Each structure stands twice: as C-alpha cells, then as structure tokens.
Amino acid sequence: CIFYGLGADGTVGANKNSIKIIGEHTTGFAQGYFVYDSKKSGSRTVSHLRFGPRPIQSAYLVQRARFIACHQFAFLERIDMLREAVDGAVFLLNSPHPADAVWDELPREVQAEIIRRRIRLFVIDANAAAAEAGVPGRINTIMQTCFFALAGVLPVDEAIGHVKETIRSTYGRKGQGLIERNFAAVDGALARLHEV
C-alpha cells in the first residue's frame, strides 16, 4: 500500500499505528517505510506499507501497490500517484467533491489510468467529516478506518476497535473530549465512503 499525505495531517502516525495493528492482531507480517521532509509539517509524506503471510526480509519502497490512498486532492495535479498501481488496485481519494461529481474534477491523465488499469476508485470528504466531528484538519483516523474497510486485512469491526484503542492510548493525556471527537470521526467515516 502507498499513502500520500501532508505533514501534520496525521497520515504517517495513522499508518504507523496500522502497521502495529496488522502486526499484532493478524498472523501476518507487516512493515512500514516512510518518506518525508525533515520539517514534515506542510510537506508531502509518502507511507509504504507491506504486509503478508511471509516474513519481510528487507526494507524498500513499494513498487507494485494493490492499494493507494491520496489524502490531499491537490496532489493529483502534481504527482503521478497511480504509477505503482497494479491492475485492479484500489484507489482511496480524499475529495472535496461528492462521488457523483468527482470524476469530472479528476485530471484527464488520472481518469485514463483508472480506466486503463481497471482501478477501483473510492472517495470520501475526510476534511468535512473531521470538521463535523470536531477535529478539523485531522483526517488520519478517518482515512485509516476507510483503509481497513477496503483492504480486508481484518474484519472491519475488529479493525475499528483496534483503531479506537490506538486513539485512546494516543490522545488519553489530552482529555476524554478529544478521544470522543476522534471516535465520532471514526464512527462516521464509512457512511461517507463511496465507490465511483
């Protein structure tokens, strides 16, 4: 899997947590490899997650991805993020445009790759979901929930339970209110997720 995020949007942290969840709660093996600027905040981040039934012996960037997520819609104009997608891959897109209008907003090259490679496109307005839940700009747990729902690595309810455990341990010192707002973001995520 490859995830394109923006420094400080929580993408890297959520992906590190996802690797821990997969490694600790499945019989598979997991590895995360992260590429980002040393200043991270405001710069592009790329998370490479690998998991499967055999031990992972080396660290390297994912070259053939079955799952790609774009957490910032504006990246579509600047990055060829479908370059590593295999035929039939899943593409999760955080989009300010609704599912019935997003296709016309995609760059022509992205449309062509989706058609050519038979990529399954899923969209969610994670920014609106985060704002509604009271955690504006923090789309990490929303996108993480969508990843687990689409990747099928764990039963969805079980994965969401583990995501909530991670939220509790990560934000516990910051108060129950923040935990509850993040729980609300997770609980509302899948209702906003649509296949195009």
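Overview of the structure. Note that this is a predicted model, so its numbers are computed, not measured. (Residues numbered from 1 in each chain as written. Predicted model: local features only at pLDDT ≥ 70, side-chain atom pairs only at ≥ 80, totals over all residues. Heavy atoms only, no water.)

**Quick word on a nonpolar patch on the surface**
Here is step 1: Side chains of Tyr33, Val35 and Leu61 sit close together on the surface and give an oily, nonpolar patch of about 230 Å² of accessible area.
Here is step 2: Note on placement: Tyr33 falls in strand E2 (residues 29-36).
Here is step 3: For Tyr33, a relative accessible area of 34% gives the class partly exposed. (Patch = residues over 30% accessible without salt bridge, like charges linked within 9 Å, V, L, I, M, F, W, Y side chains within 5 Å. Areas by Shrake-Rupley, 256 points an atom, 1.4 Å probe, with all protein chains shown as cover. Salt bridge = Lys/Arg side-chain N within 4 Å of Asp/Glu carboxyl O. Helix = DSSP H or I, 4+ residues; strand = E, 2+ residues; numbered from the N terminus. Buried < 20%, exposed > 50% of the residue type's maximum accessible area, 1.4 Å probe, protein only.)

**A few points about the pairing of strand E3 (residues 44-52)**
Here is step 1: Judged by how many residues are buried, E3 sits mostly within the fold: seven of nine residues are covered.
Here is step 2: Note: strand E1 (residues 2-6) against E3, five bridges, orientation antiparallel. Following the sheet pairing, Phe3 is matched in E3 by Ser47.
Here is step 3: Of the strand pairs in this sheet, E2 and E3 are connected by eight bridges, and their pairing is antiparallel. Among the inter-strand pairings, Phe29 is bridged to a residue of E3, identified as Gly52. (Pairing = 2+ DSSP bridges.)

**Quick word on the nonpolar core**
Here is step 1: Ranked by size, the top nonpolar core spans 36 residues in total, and within it Phe67, Leu92, Ile124, Ile142 and Phe148 carry the most contacts.
Here is step 2: Those elements giving two or more residues to this core turn out to be helix H1 (11-25), strand E4 (65-70), strand E5 (85-94), strand E6 (120-124), helix H4 (126-133), helix H5 (140-151), helix H6 (156-171) and helix H7 (176-192).
Here is step 3: Here this core gets six residues from one element, more than from any other, and that element is H7.
Here is step 4: In this structure Leu92 touches Phe67, Ile68, Ala69, Cys70, Phe122, Ile124, Met143, Cys146, Phe147, Leu150 and Leu193, once residues within four positions along its chain are discounted.
Here is step 5: Counting 25 residues, the second largest nonpolar core, distinct from the first, contains Met81, Leu82, Val102 and Ile114. (Core = buried A, V, L, I, M, F, W, Y, C linked by side-chain atoms within 4.5 Å. Contact = heavy atoms within 4.5 Å.)

**Regarding the packing of H6 against H7**
Any two packed helices are characterised by how steeply their axes cross, that is the angle between the axes, and by the distance between the axes.
Here is step 1: Between H6 and H7, the shortest axis-to-axis distance is 9 Å and the interhelical angle comes to 160°. Our classification of the angle between H6 and H7 gives roughly antiparallel. At the point where H6 passes H7, the crossing takes the right-handed sense. Residue-level inspection shows Val156, Ile160, Val163, Lys164, Ile167, Arg168 and Tyr171 of H6 in contact with H7, the latter providing Gln176, Leu178, Ile179, Asn182, Phe183, Val186, Asp187 and Leu190.
Here is step 2: Its residues assigned to classes, the contact of H6 with H7 comprises 10 nonpolar, two polar and three charged. (Axes fitted to C-alpha atoms, helices over the stretch in contact; angles between N-to-C directions. Parallel < 35°, antiparallel > 145°, perpendicular 65-115°, else oblique. Left-handed = near helix turned anticlockwise from the far one by under 90°. Nonpolar A, V, L, I, M, F, W, Y, C, P; charged D, E, K, R; others polar.)

**Digging into the sheet that holds E1**
Here is step 1: A sheet is described by the order of its strands in space; here seven strands give the open sequence E2-E3-E1-E4-E5-E6-E7, paired in mixed fashion. In this open sheet, the two edge strands, each paired with only one partner strand, are E2 and strand E7 (194-195).
Here is step 2: Relative to E4, E1 runs parallel, the two being bridged by three bridges. Its bridge partner being in E4, Tyr4 is matched across the sheet by Cys70.

All we've got here are geometric facts, nothing functional implied.
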